[in-house]
Amino acid sequence: MLCPCGDKTVYNRQLTEERPLQEQIAEADSVKAALQSAESKRSAASKDAGSEQDDFTMLKSLADGQKSKETTEVPVKKEDQYVPDESDSTKSRRLAEDYDSTKNGMEYDDPESFRQVDGTPLTAEDIVQKIANKIYEEDDRGVFDRIVSKLLKLGLITDNQADTLEYQVAEALQDLITKNAKNNEIEGAESNDQETRGEQDDQGSDTDAWEPPRRRYNEDEDEEEEDEDEVEDEVDRDAEEEGDTPDNTWDKGTEEGNEVSPEDGLQDLQYFPNFYRLLKSLDSEQDTQERETLITIMKTLIDFVKMMVKYGTITPEEGVSYLENLDAMIAMQTKNKLGKSLVLPDFAGPNGKNLDEDDNTKAEAAKMQKEYENLKDSTKEDQPSTETNQPGKSETYLEAIRKNIEWLKKHNKDEGKDDYDLSKLKDFMDQQVDSYIEKGIIAKDEGDTIKRIYSSL
Amino acid sequence: ASGKRGRELRKALVSVWLQCPTITRIYTIGESFEGRELLVLEMSDNPGTHEPGEPEFKYIANMHGNEAVGRELLIYLAQYLCNQYQQGNETIIDLIHNTRIHLMPSMNPDGFEKAASQPGEIKDWFVGRSNAQGVDLNRNFPDLDRIIYINEREGGANNHLLQNMKKAVDENTKLAPETKSVIHWIMDIPFVLSANLHGGDVVANYPYDETRTGSTHEYSASPDDVMFKSLARAYSMYNPVMSDPQRPPCRKNDDDSSFKDGITNGGAWYSVPGGMQDFNYLSSNCFEITLELSCDKFPNEDTLKNYWDQNRNSLVNYIEQVHRGVKGFVRDLQGNPISNATVSVEGIDHDMTTAKDGDYWRLLAPGNYKVAASAPGYLTVIKKVAVPYSPATRVDFELESLMERKEEEREELMDWWKMMSETLNF
């Protein structure tokens, strides 16, 4: 959701082209000051609240119609956060400082103006809602594209901001669809999501109306969104809550999501085409129970993996590859057990994944990756097909490393020593790994895996 | 250059190392013929270092590539020692703190790959036994038995028979790379006790392997026959299959008449020239026995747990045997270590030598012994020791060099002369 915390008033902007330039500059400055103080407060209070910043800055830029800004937002790559006392969670944000008064103001069609009917200024949420409504009514995503491309062209927003806007609109749109779908009593499986999700929706997405914003896909944005949601999650968490948020559903878009009906609450599962097809094959009435059970199991698994990634127990890539393998295994088992393959013609199998899936898998990986400090090695981990042990190996190594850490903690406590020094251990292990690689004791990819595990701790 | 199973071996060792990095280290002693690393996992409280006075121990498995049980057992053992250490098992903690344990799960990875690659359940009795060159590694070591038997008759050194070892080894074209690597390893590290793991039968076999007369079966006792029997029993007694007196032979027509209490003298069972076991004993200070651990050379994976259960206690207990007999340091009067000093025991025609820090270990069965330390240029010192079953008895030696003694004598003489002259002048 937008702006779950912080002073809402800071985000109310008068979004009009008509305010004098000077006034807008002055207001921008004062807002910036307010923001900075709010930010420092917030940095102390919460891990990350990046997307709020984005909202604000983006809207600020919209508001300052005449001016363009070089909003040099540098959404900080979050460091491995889950040793909170040690990492620096403050983001470095530089609010726009330059105003180019030579730029033209925005021109918008009336329905897309940034003002309410009664003339009162719009909040950020209003804007997003407005756009979403428009898209829904016209059933045309092009509405958004039009608006955003104008903004971009005029240099009023950056790509970052455009993406943020896109995600928020997507979310709002999804809400709309859901509400309307509910109203119309669309047939489909009931949502079997029993966990409370706080502010989350558990709706699927409607592919036809929305495609993943791949073009402007931006890792940083995702990170912020996810961070925001996690902040919520930590506040709202109960035993059953999944780490799922509405934003999730839109971050990746839905390519195979054709198969997800909004009521299913299955948006998480869209990345498991084989599992999906399995579910689809259980479409008779007597299969309902089984279907629901499967869904619950799968979701629990996914949540578990997410949780592990979140808490740094495994790296994002490991999480992804684990889930990928899971799906592949489902395909195999299904084939064996049901005696039929669920593979559709456009699903090319391990060698050539359907482009969309690839993107979405990448999106998922990238999304998870952004919850953490970006690992130095940005090349993709070996594909499972080339080294069938790779995921198993990572898990084994991870398990071993965890045992060591646990033992160190306990051991040092028993002996009354200070807490072991993780960074020293990490350095030592990195050195050893390099030495082992050099001597041919371990392969380079194994060494990288190990280093990666350590740096994710 | 390693197959899937090679990677799994490595993965297993690396996992142990990752779990217990402060007490383990992986190293390689060289490459097989086909370029596979001969990996060793070392376990001690100070991996990578020889601590003066701390005995060195090794297990080597799978020198016959198709004898696979030992290979798996050493992996289990590594995991076990690491886990137990972390769980606070006092025995294991002491063992690791006081011993440097080296585990080589596969001395013949090339052969293993070949054996393992055979399709189907039943593995051929011979495929993968030898290395990639077709060399049986357990016949490939320099035959020192032959030399010792000559020396027994005609006099000569009773140990450390391979003179100028490094040169002889490197120039010997008949030696397989695996053999060479192990020989270098033996020369570099002052191993005290060792076992090599095989399959195809179930028994603990001790030196000598080669018969004195060249006949096919003949009890061929070494000077340490008593101790070797004790060592072999220390293994077999904890293995319920090995020590079962009612155990039928692995194959109907097998001759296991030499087996007793689960142990056998090598020559009494059948003559083996050029084996690694005897090479250890006759080229270095290391006592090695040969453990045959399974009737089936390459059994199904699902049987491995049973083999582990059968052998776990034996494997640990055998390592503990390294803490027996006498041990200590040989130094000069200034406290400097004397390396390569000779430590001999009256009545046992097999001498030890001290390592670089002047440290030595002499495995002995319980009894009373006279232990002597000597070195060129020094005066020999003899000490009487009563040796229990365990732990090892600490016996240090301070050797006076000949020069020092001459100097002393000269001073004594001077003193006497002075006294005499004073008396005479009185």
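Because the structure is a prediction, the values reported are computed rather than measured.

Here the focus is the overall build of chain A. The helix and strand tally for chain A stands at 15 helices and 0 strands. Considering chain A as a whole, with its 457 residues, one finds that 53% of them fall into the buried category. The long-range fraction of contacts in chain A, counting pairs at least 24 apart against all pairs at least 6 apart in sequence, stands at 75%.

With that out of the way, let us pick up the sheet that holds strand E11 (residues 348-353) of chain B. Residues and elements named next belong to chain B. Here 4 strands make up an open sheet; going across it, the order is E11-E10-E13-E14 and the pairing antiparallel. At either margin of the open sheet sits one strand with a lone partner, and together these are E11 and strand E14 (381-387). For this sheet, the mean angle separating the axes of adjacent strands, direction not counted, is 25°. Where strand E10 (residues 342-345) lies against E11, 3 bridges are found, and the strand directions are antiparallel. The partner of Val 343 across the bridge, within E11, is Met 352.

Residue and element names in this part refer to chain B. Structurally, the position occupied by His 102 is in strand E4 (residues 100-104). Using a relative accessible area of 0% as the deciding quantity, one classes His 102 as buried. Of note is the side chain of His 102, whose polar atom sits 2.6 Å from the side chain of Tyr 27. Ignoring any residue separated from it by four or fewer positions in sequence, one finds His 102 in contact with Tyr 27, Val 40, Leu 41, Glu 42, Glu 56, Phe 57, Lys 58, Tyr 59, Trp 185, Ile 189 and Phe 191.

With that out of the way, let us pick up the sheet that holds strand E3 (residues 56-61) of chain B. All names here are of chain B. Read from one edge of the open sheet, 8 strands run E1-E2-E4-E3-E5-E8-E6-E7, paired in mixed fashion. Looking along the sheet, the strands with just one partner apiece sit at the ends: strand E1 (24-31) and strand E7 (263-265). On average, each strand axis in the sheet is tilted by 25° relative to the strand beside it, whichever way the strands run. Both E3 and strand E5 (residues 191-198) contribute to a ladder of 6 bridges, which runs parallel. Pairing of Ala 61 across the sheet is with Leu 197, part of E5.

The next subject is the nonpolar core. Counting 144 residues, the largest nonpolar core has Ile 450 of chain A together with Leu 18, Tyr 59 and Leu 77 of chain B as its most contacted members. It is helix H2 (residues 69-86) of chain B that contributes the most residues to this core, 10 residues altogether. By size, the runner-up hydrophobic cluster in this structure holds 18 residues, among which are Ile 135, Phe 144, Ile 147 and Ile 177 of chain A.

It is worth spelling out a negative patch on the surface at this point. Residue and element names in this part refer to chain B. A contiguous patch of negative charge, built from Glu 409, Glu 411, Glu 412 and Asp 415, is present on the exposed surface. Of note, Asp 415 is situated in helix H12 (residues 402-425). The exposure class of Asp 415 is exposed, given its relative accessible area of 52%.

So, on to helix H10 (residues 288-310) of chain A. Residues and elements named next belong to chain A. With 23 residues, H10 should reach 33 Å at 1.5 Å per residue; the first-to-last C-alpha distance of 32 Å fits that figure. Among all positions of H10, only Arg 291, Ile 295, Met 298, Lys 299, Ile 302, Asp 303, Val 305, Lys 306, Val 309 and Lys 310 are buried. Directly after H10, the chain includes Gly 312, whose backbone phi takes a positive value near 80°.

Next up on the list: the confidence of the model for chain A. Residue and element names in this part refer to chain A. Per-residue confidence for chain A gives a mean pLDDT of 59; residues scoring 70 or more make up 39%. For the stretch residues 42-59, pLDDT sits under 50, and the model shows 65 contacts to residues farther than four places along the chain or on other chains. Under a pLDDT of 50 for its full length, residues 342-361 has, in the predicted model, 29 contacts with residues more than four places off or in other chains.

The rules behind the values
Residues numbered from 1 in each chain as written. Chains lettered and ligands numbered in written order. Predicted model: local features only at pLDDT ≥ 70, side-chain atom pairs only at ≥ 80, totals over all residues. Heavy atoms only, no water. Helix = DSSP H or I, 4+ residues; strand = E, 2+ residues; numbered from the N terminus. Buried < 20%, exposed > 50% of the residue type's maximum accessible area, 1.4 Å probe, protein only. Contact = heavy atoms within 4.5 Å. Pairing = 2+ DSSP bridges. Axes fitted to C-alpha atoms, helices over the stretch in contact; angles between N-to-C directions. Polar contact = N/O pair within 3.5 Å; in protein donor to acceptor, adjacent residues only side chain to side chain. Core = buried A, V, L, I, M, F, W, Y, C linked by side-chain atoms within 4.5 Å. Patch = residues over 30% accessible without salt bridge, like charges linked within 9 Å, V, L, I, M, F, W, Y side chains within 5 Å. Areas by Shrake-Rupley, 256 points an atom, 1.4 Å probe, with all protein chains shown as cover. Salt bridge = Lys/Arg side-chain N within 4 Å of Asp/Glu carboxyl O. Lys, Arg positive; Asp, Glu negative; His and termini not counted. Charge placed at Lys NZ, Arg CZ, Asp CG, Glu CD. Expected span 1.5 Å × (residues − 1). pLDDT = per-residue confidence, 0-100.

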